[in-house]
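# Structural overview for review
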Amino acid sequence: MKISYRWLKEWVTLDIDAEQVAERFTLAGLEVDDVSPVAPPLNGVVVGEILTAEPHPDADRLRVCTVAGDEQVRTIVCGAPNARVGLKAPLATLGTVLPGGLKIKPAKLRGVRSEGMLCSEPELGLGEESGGLLELPADAPTGQALSDYLGLDDQVLDIDLTPNRADCLSVRGLARELAALTGASLTQRPVEPVEPAIDDRPTIRLEAPADCPRYIGRIVRGVNVAAATPGWMVEALRRSGIRSLGPIVDVTNFVLLELGQPMHAFDLATLTGDIVVRRARKGEPLQLLDGRDIALDDDMLVIADEQKPLALGGVMGGLPSAVSDETRDILLESAWFDPRVIAGRARRLGLATESAHRFERGVDPALQREAIERATALIIEIAGGQPGPVEEALSASDLPVQATVRLRLDRLNRLLGAELDGATVERILLGLGMSVERDGDDFLVQAPSARRDIAIEVDLIEEVARVYGYDRLPTRRPGGGLSIEVASERRLPELTLRTQLIARGFQEILTWSFVGEDTLKQLGLLDGAQPLANPLSRDMAVLRTSLLPGLLDTAGSNLRRQHPDFRLFETGVCFHQGKDGFTESRRLGLLMTGLGEGEHFSARPRALDFFDLKGEVEQLISLNACEGEFSFERSDLPWLHPGQGATLLCDGNPVGWLGQLHPLLLDQLDWPQTAYVAELDLAMLTRRRLPQAAPSSRFPQVRRDISFVIDETVPASEILALVHASGGELLHRAAIFDEYRGQGVAADCRSLSISLILRHISRTLSDTEIEEAVQAVLASLRSRYDIKMRG
Amino acid sequence: MTTVSPEGLLEQALEQVQQATNEASLDEVRVAYLGKKGALTGLLKQLGQLPPETRREAGQAVNRCKQALETAIEARHETLHRQAIEARLRAEQVDITMPGRTLPSGGPHPVHRALDRILAIFGQLGFNVATGPEVEDDHYNFGALNFPEHHPARAMHDTFYLPDGRVLRTHTSPVQIRVMESSEPPVRIVAPGRVFRSDSDQTHTPQFHQVEGLLVDRDVSFADLKGLLSEFVNAFFEESLEVRLRPSYFPFTEPSAEVDVRWRNEDGSPGRWLEVLGCGIVHPNVLANCGIDPEEYTGYAFGLGVERFAMLRYRVNDLRLFFENDLNFLGQFR
């Protein structure tokens, strides 16, 4: 809400300046975002009056005017289309520097001397639009400083009100608040009833009394819609960010800002029969003031006549019944709508109106009559007309009742950790306009009708704390009982895992949780993707099913930035909508591209390969002693190279995948180099074994190596499993340490060398035992495969 | 018989010792004179042939020479060995200013780096980490947190919806509810995580990270909240900064406050107030929604934006950089 400091001062006696008001509001929870002058300094700009205006002899679009206002009558050449005799307009006198930096000097324009400048609003920094010179009212005193005349020595406070403070959405509301906060006295500005001049009164039927328990209407006949809104009102509206649109609408907007009551004026001639306040029928059409045709819903409230909806109650009026240039007679509306029938409706229609903003937060239910009297008086003052009597339709039992709330002093002090005394609390409550009754140490409190946010005890505690000042309330250092609730050692903290990856050269990234459907489709990851109902854009339309899109996107942009070597990881949630319902899982994504090690002078650079990536995965599993038996299976995931892709299994269940990107995908990505990617289930990676010490052997271990040629298609994992199974209790460890293809080895075959580490827990092994164990391994290999021993 | 004098042999041997240029040739000298068949050894063997009266003196002479030679060989050996080591050291010298073998450098994301620090501080204060899902239903994200349906407070959150009405959580506050529903007070948790708002401009990204804190116990007061947050802010920034609480409104806390920190200018002078946290006393409706008696227990809650803290801590001036993942940017936060 934007409000002018001067306007505020009309309502409360202030001895603090606008900045101080802003500070006080902010520290009381009414956050002031900005305090800005209503106009730049306009020294030297005065009210000018055009005495004569003749065409320029040498320029079609220019006029040569004589203008009063400066020390003497000046000749001024002017290009504005509305420069005409008798017009009052701002005159920048010689020596003036305009807000844009232009300095006014005597100049010759097409041979005619010009001594000053007549100004438009943008030229004075007063507005964006220009229809030529700023036209001042005819009674503006010629020669008076413009900033004095327009009251431009003023500031606008832009207040970001929280939704609970509807009572502050008006000048009077803010003034009340300021009075409570500073102790300043409110200026009493009672509204006098306007005596009816005619008998015409509307007939109003409340067909939805719970939604609208009070509807006040008043007819004013013979208004002059062509009357000019006075400058002070136009300025007041402008400073609150509202444009002047004609006297009737200006008055309703002014009362909205002044008192906080949204009002509406109908063109009486467009109405047929009674005014009916009712729920809309589903699909019922209405053309809104902004020209849009909408279909109403049955949870919306309308103001209708006998035939048709006229306005969307509390939100926006309709165009056909609106005040226009032809309007003579009007029906003024001042009503109270229940927030529940307003809330969300404007938003649903894509509307944001001052009226809906107030009604959905809660307007003072006791304000309607005062507001309509105030508006009537202003309309008659500005546009003339004869008012009828005020007609009120009321369903008193549906009006909200202001609760009496018990406030316990002890509760207040315990909750705040403070020791406020009863007198202080009482003074604060009274200052806020509450009625207060003592009951022992308790207070029975009733808030003024404008405070729709006071319903329970803690609402009052907050009020007391707020007005007393949060900064004055005590502060207690953290303490309290100690408690031990340590995370299980069987769970690896994600931080540890991330630190390990960082130490191994991986850069952590954080990518979007939403991706484009097309991206997922391209990768073959669309299955189970959950779309958003209201995405920001096409490429952020579905929830990610994998970390892969983010990794690829990041890698792609960094490759384009000419980073050739990097490793990335991300930990985060992926989403999957499947037959078994919706699941979220935390995953770890890895991407490596470029060289196997950093480039070094000592050796030729080596490109990364599958085993670099696999090594990282194995390293994580072994370093953290992840729970379970892990194995790798060849995978045919569509985004992976079919020859270099694997699924990671934990106790036989898939828990991740890894491999080189598919060359076809690389083509589509248009990357200069390949990358190795993996995605692992974080729950699996962070479930670790708790070490349980076993006796370790103190006797020497023996190493024997075996080498043999075997069919290429037999997977190493299978061979090793067999070796382990046949090695007996003496075989401590077996590992493949060499692979060879080529000379001396048949095509389609490879030679593998395996080291066998043998030992016994309680004795030194004899040569015979060792030999027997090795032979047992070889025998089982021979019996399963066609192997040929090598030296 | 021509007799060779031990002194003569010694002189000859000493010359050869000096000429020996490596340990092997020195050893040859040793064998030639002192070995089993060596010349000096030979003299000793010949002693028996001497008349008994000269034998003793001759023996002493030979032994003197042997000892002298051994000493010389030892010394020469020492020298040669030292020379050999020196030669090796010279040969093995590298330019230690050449670079070492490394992996590419990894690093944490700055947002996670700040988050780790935040969690470490609250961890020291005894807050346990709790987590919850990123897709929530209306109840957890709004209803149980005292956001009435259609209430304008909901408009404070630009919400992403799923077609079935569920939402991407707009804050990590739902974790409060989940924890309170499933455990008894005292509760002392922090809930970190991703949150989502359908808003994207220079100062908003559609996803960001929050840490929600909750403490529920007997006699928890606003004074405790003030103390906790100002200690936290000072711990995080490692500076004694002015902290103020300013009244605000959140449906799930009352009284509610925004926490401002008085930032310092580069020159150390007091600068602007910056909003860094939202907090308040847990609203009695929220406690009651979770089956906790608000008369018996009270609590406080706070929520902070991790990106905000990371921006201030590491002087990042554009929020959007965090999700661009430019390695040039990220590489600065190791």
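Residues numbered from 1 in each chain as written. Chains lettered and ligands numbered in written order. Predicted model: local features only at pLDDT ≥ 70, side-chain atom pairs only at ≥ 80, totals over all residues. Heavy atoms only, no water.

### Here's the deal with the overall build of chain A
Here is the rule we go by: Per the convention used, a helix needs a DSSP run of H or I reaching at least four residues, while a strand needs a run of E reaching at least two, with both numbered from the N terminus. Each residue is placed in one exposure class: buried if its accessible area under a 1.4 Å probe, protein chains only, is under 20% of its type's maximum, exposed if it is over 50%, and partly exposed if it falls in between. Contact definition: two residues touch when any of their heavy atoms are within 4.5 Å.
Secondary structure assignment for chain A yields 21 helices and 38 strands. Dimensions of chain A, computed from the C-alpha atoms along their principal axes, are close to 125 × 85 × 55 Å. Here chain A holds 791 residues, and 52% of them are scored as buried. Looking at chain A alone, contacts between residues at least 24 apart form 67% of all its contacts between residues at least 6 apart.

### Looking at the confidence of the model for chain B
This is how it is decided: Each residue gets a pLDDT score, which is the predictor's confidence in that residue and runs from 0 to 100.
Within chain B, residue pLDDT values average 91, and 99% of them lie at 70 or more. In the predicted assembly, ipTM is 0.86 and pTM is 0.86.

### Some thoughts on the packing of helix α5 (residues 231–239) of chain A against helix α6 (residues 247–259) of chain A
All names here are of chain A. Counted only if it meets this: Whenever a helix is involved, its axis is fitted only over the stretch in contact; in every case the axis is a line through C-alpha atoms, and angles between N-to-C directions fall within 0 to 180 degrees. With respect to orientation, any angle under 35 degrees is reported as roughly parallel, any angle over 145 as roughly antiparallel, any angle of 65 to 115 as roughly perpendicular, and every other angle as oblique. If you view the pair so one helix is near and one far, a crossing is left-handed when the near helix is turned anticlockwise from the far one by less than a right angle, and right-handed when it is turned clockwise. Gly is put with the polar residues, along with every residue not named as nonpolar or charged; the nonpolar set is Ala, Val, Leu, Ile, Met, Phe, Trp, Tyr, Cys and Pro, and the charged set is Asp, Glu, Lys and Arg.
The interhelical angle for the contact between α5 and α6, taken along N-to-C directions, is 55°, at an axis separation of 10 Å. In terms of orientation, α5 and α6 fall into the oblique class. Handedness of the crossing formed by α5 with α6: left-handed. In contact with Trp232, Met233, Ala236 and Leu237 of α5, α6 contributes Asp250, Val251, Asn253, Phe254 and Leu257. Of the residues belonging to the contact of α5 with α6, the class tally is 7 nonpolar, 1 polar and 1 charged.

### Describing empty space enclosed by the protein
Going by this rule: Of the grid points, spaced at 1 Å and generated over the protein atoms alone, those admitting a 1.4 Å probe that cannot get out make up cavities, while open sets with protein on both sides within 12 Å along at least five of seven lines make up pockets; any residue with an atom within 4 Å of a point is treated as lining. Grid points are joined across faces, edges and corners, and a volume is the space filled by probe spheres set on the points.
A complete count under the given rule lists 3 cavities of 30 Å³ or more for this structure. Contributing to the lining of the largest cavity are 15 residues, with Ala166, Asp167, Ser170, Leu259 and Gly260 of chain A lying nearest its centre. Per-element accounting of the lining of the largest cavity gives the leading share, 3 residues, to helix α4 (residues 171–182) of chain A. When grouped by side-chain class, the residues that make up the lining of the largest cavity number 6 nonpolar, 4 polar and 5 charged. Of the volumes computed, that of the second largest cavity is approximately 70 Å³. Around the second largest cavity, the lining residues are Ala28, Gly29, Leu30, Thr162, Asn164, Arg165, Glu462, Glu463 and Arg466 of chain A together with Pro247, Ser248 and Tyr249 of chain B. For the lining of the second largest cavity, the secondary structure elements donating two or more residues are α13 (457–468) of chain A together with β6 (242–250) of chain B.

### Thoughts on helix α9 (residues 222–237) of chain B
Residues and elements named next belong to chain B. Using the following cut-off: To estimate the expected span of a helix, subtract one from its residue number and multiply by 1.5 Å. Pairs of N or O atoms are called polar contacts if they sit within 3.5 Å, as long as, within protein, a hydrogen donor faces a hydrogen acceptor (for residues adjacent in sequence, only side-chain-to-side-chain pairs).
Between the first and last C-alpha of α9 there are 23 Å, a value that for 16 residues agrees with the 22 Å anticipated at 1.5 Å per step. In terms of burial, α9 is largely enclosed, as 12 of its 16 residues are buried. Burial in α9 covers these residues: Phe222, Ala223, Asp224, Leu225, Lys226, Gly227, Leu228, Leu229, Phe232, Val233, Phe236 and Phe237. One side-chain oxygen of the residue at the start of α9 lies 3.2 Å from the amide nitrogen of Ala223, identifying that residue as Ser221. Immediately downstream of α9, the backbone of Glu238 shows phi near 55°, a positive value.

### Some details on the nonpolar core
For clarity, the threshold we go by: To define a nonpolar core, start from buried Ala, Val, Leu, Ile, Met, Phe, Trp, Tyr and Cys residues and group those joined through side-chain atoms within 4.5 Å.
Counting 158 residues, the largest nonpolar core has Phe25, Leu157 and Leu591 of chain A together with Phe302 of chain B as the members making the most contacts within it. The element contributing the most residues to this core is α9 of chain B, with 8 residues. Residues contacting Leu591 of chain A, with those up to four places away along its chain left out, are Phe506, Leu551, Leu552, Ala555, Phe566, Arg567, Leu568, Trp671, Ala675, Tyr676 and Val677 of chain A. Counting 39 residues, the second-largest nonpolar core is a separate cluster that includes Leu271, Leu296, Met316 and Ala335 of chain A.

### Considering unusual backbone geometry
With an omega of 0°, the peptide bond between Pro185 of chain B and Pro186 of chain B qualifies as cis. Considering the arrangement of structural elements, one finds Pro186 of chain B in the loop between α8 (174–182) and β4 (187–196). Note that the residue after Glu254 of chain B, namely Pro255 of chain B, is joined by a cis bond; omega there is -5°. Among the structural elements, Pro255 of chain B can be located in strand β7 (residues 253–264). Even without a glycine there, the phi angle at Asp651 of chain A is positive, about 50°. Within the secondary structure, Asp651 of chain A is located in the loop between β32 (640–650) and β33 (653–661). Despite not being glycine, Asp670 of chain A shows a phi value in the positive range, around 60°. Within the element layout of this structure, Asp670 of chain A appears in the loop between α18 (663–669) and β34 (675–681). Judged by relative accessible area, Asp670 of chain A falls into the exposed class, the value being 66%.

### Quick look at the sheet that holds strand β3 (residues 45–56) of chain A
As a reminder, the rule being used: Between any two strands, at least two bridges found by DSSP are needed for them to pair.
Taken in spatial order, the 5 strands make up an open sheet running β5-β4-β3-β6-β9 (chain A), and their pairing is antiparallel. Here the strands that pair on one side only, and so sit at the sheet edges, are β5 (74–78) and β9 (117–118) of chain A.

### A few points about the environment of Gln261 of chain A
Residue and element names in this part refer to chain A. Within the secondary structure layout, Gln261 lies in the loop between α6 and β13 (263–267). Overall, the relative accessible area of 0% leaves Gln261 in the buried class. Separated by 106 residues in the primary sequence, Gln261 and Leu367 have C-alpha atoms spaced 6.9 Å apart. For Gln261, the contacting residues outside a window of four places in its chain are Val255, Leu256, Ser334, Ala335, Phe359, Val363, Asp364, Leu367, Gln368 and Ala371. Of note is the side chain of Gln261, whose polar atom sits 2.7 Å from the side chain of Gln368.

### Things to note about the state of the cysteines
All names here are of chain A. To keep things clear, this is the line we draw: Cysteine sulfur atoms that come within 2.5 Å of each other are treated as a disulfide pair.
A complete count under the given rule lists 0 disulfides over all chains for this structure. Not part of a disulfide, Cys626 finds its nearest cysteine sulfur in Cys650, a span of 8.1 Å. Accessibility expressed as a relative area gives 2% for Cys626, which makes it buried.

### Regarding the packing of helix α2 (residues 18–27) of chain A against α4 of chain A
All names here are of chain A. Look at α2 against α4: their axes get within 11 Å of each other, and the N-to-C directions meet at 85°. Between α2 and α4, the angle is such that the two are roughly perpendicular. Between α2 and α4, the contacting residues are Val21, Arg24 and Phe25 on the first element and Leu174, Glu177, Leu178, Leu181 and Thr182 on the second. The residue makeup of the contact of α2 with α4, split by class, is 5 nonpolar, 1 polar and 2 charged.

### Concerning the side chain of Asn325 of chain B
In this structure, Asn325 of chain B sits in the loop between α11 (306–314) and α12 (327–330). Relative accessible area serves as the criterion here: at 1%, Asn325 of chain B is assigned to the buried category. Beyond its immediate stretch of four places on either side in the chain, Asn325 of chain B contacts Ile509, Leu510, Thr511, Thr554, Asn558 and Arg561 of chain A together with His109 and Leu330 of chain B.

### Some remarks on the side chain of Asp612 of chain A
Residue and element names in this part refer to chain A. Its place among the elements puts Asp612 in helix α17 (residues 610–623). Accessibility expressed as a relative area gives 15% for Asp612, which makes it buried. There is a polar contact of 2.9 Å between the side chain of Asp612 and the side chain of Arg606. The residues touching Asp612, leaving out its near neighbours within four places in the chain, are Met592, Gly596, Arg606 and Ala607.

### Structural notes on the environment of Glu426 of chain A
All names here are of chain A. Considering the arrangement of structural elements, one finds Glu426 in helix α12 (residues 422–431). Residues Glu426 and Asp410 lie 16 residues apart in sequence; the distance between their C-alpha atoms is 14 Å. Not counting residues within four places of it along the chain, the set of residues in contact with Glu426 comprises Val436, Arg438 and Phe443.

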